[in-house]
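# Summary of structural features
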Amino acid sequence: MSATIKPFTDEFEEYGRDESRSSGEASSISFPTSEDEVRAILRQLHAECVSVTVQGARTGLAAGAVPYGGHILNISRLNRYLGLCRDEQGRFLLRVEPGVVLSELRKQLGKKVLPTADWDQASLKAYEEFQEAPEQFFPTDPTEASACLGGMAACNASGARSYAYGPMRPHITGLHVALTDGD
């Protein structure tokens, strides 16, 4: 077992369940903090034929984050803001990792203060424009504000604002996807 893959002990018991009130078991768990770590973990588990349950904030009601054996890949620590740009219509497009929590994103947008560490010059220029623009908001409004954006994308979260703005997926312009073999 690699250093990033830990045995699923009592210390991690809470990760065996989600808001659905269902619970399951796993043999191991990991909390990657980079895309490279995700890929390395998946490569190792694929080679060992281990099933993987991906989970973030575990706020879902459909037991999608409940493991039924195998490994838990918890993406909650993949929570960085990676950059900002504007599209042809002048809309701001924010690039984030899947573990960004909706309530935190709302706070950042409301304050017009985004964490810009490691952003390229084009993103920093767009950030200056963002700070001068009228207030921006993220339209998807599921019941649980502590949800991660990755989970919201996976289940096409909606909520009360979906009548005016649609569910989550139309607000996504691109994804980085890791396949089960780490590609």
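Residues numbered from 1 in each chain as written. Predicted model: local features only at pLDDT ≥ 70, side-chain atom pairs only at ≥ 80, totals over all residues. Heavy atoms only, no water.

## Considering the side chain of threonine 53
Along the chain, the position of threonine 53 falls in strand S3 (residues 52-55). Judged by its relative accessible area of 13%, threonine 53 falls in the buried class. Residues contacting threonine 53, with those up to four places away along its chain left out, are Gly64, Ala65, Val66, Pro67, Tyr68, His71, Ile72 and Leu73. (Helix = DSSP H or I, 4+ residues; strand = E, 2+ residues; numbered from the N terminus. Buried < 20%, exposed > 50% of the residue type's maximum accessible area, 1.4 Å probe, protein only. Contact = heavy atoms within 4.5 Å.)

## As for the side chain of asparagine 74
Structurally, the position occupied by asparagine 74 is in strand S4 (residues 71-74). Taking the relative accessible area as the measure of exposure, asparagine 74 reaches 0% and is therefore buried. A distance of 3.5 Å separates a polar atom in the side chain of asparagine 74 from the backbone oxygen of glycine 56. Excluding residues within four positions of it along the chain, asparagine 74 makes contact with Tyr15, Ser30, Phe31, Pro32, Gln55 and Gly56. (Polar contact = N/O pair within 3.5 Å; in protein donor to acceptor, adjacent residues only side chain to side chain.)

## Considerations on the environment of serine 28
For serine 28, the location among the structural elements is in strand S2 (residues 28-30). Judged by its relative accessible area of 5%, serine 28 falls in the buried class. Measuring from C-alpha to C-alpha, the distance between serine 28 and phenylalanine 8 comes to 4.4 Å, with 20 residues separating the pair along the chain.

## Things to note about a nonpolar patch on the surface
On the surface, Leu175, Val177 and Leu179 cluster together into a nonpolar patch covering about 320 Å² of accessible area. Tracing the chain through its elements places leucine 175 in the segment after helix H5 (162-165). (Patch = residues over 30% accessible without salt bridge, like charges linked within 9 Å, V, L, I, M, F, W, Y side chains within 5 Å. Areas by Shrake-Rupley, 256 points an atom, 1.4 Å probe, with all protein chains shown as cover. Salt bridge = Lys/Arg side-chain N within 4 Å of Asp/Glu carboxyl O.)

## Brief notes about the pairing of S4
On any regular strand, side chains alternate: one points to one face of the sheet, the next to the other face. What you see with S4 is no split at all: His71 and Leu73 on one side and Ile72 and Asn74 on the other are buried throughout. As paired strands, S2 and S4 are joined by 3 bridges and run parallel to one another. Bridging from a neighbouring strand, serine 30 pairs with leucine 73 of S4. Pairing of S3 with S4 involves 4 bridges; the strand directions are parallel. By the bridge assignment, valine 54 is partnered in S4 with leucine 73. (Pairing = 2+ DSSP bridges.)

## Examining the pattern of salt bridges
By the definition in use, this model includes 8 salt bridges. The closest approach of N and O atoms between arginine 58 and glutamate 14, which form a salt bridge, is 3.3 Å. Note that arginine 58 is positioned in the loop between S3 and S4 and glutamate 14 in the loop between strand S1 (5-7) and S2, a separation of 44 residues in sequence. Among the residues examined, arginine 58 registers a relative accessible area of 17% and is labelled buried.

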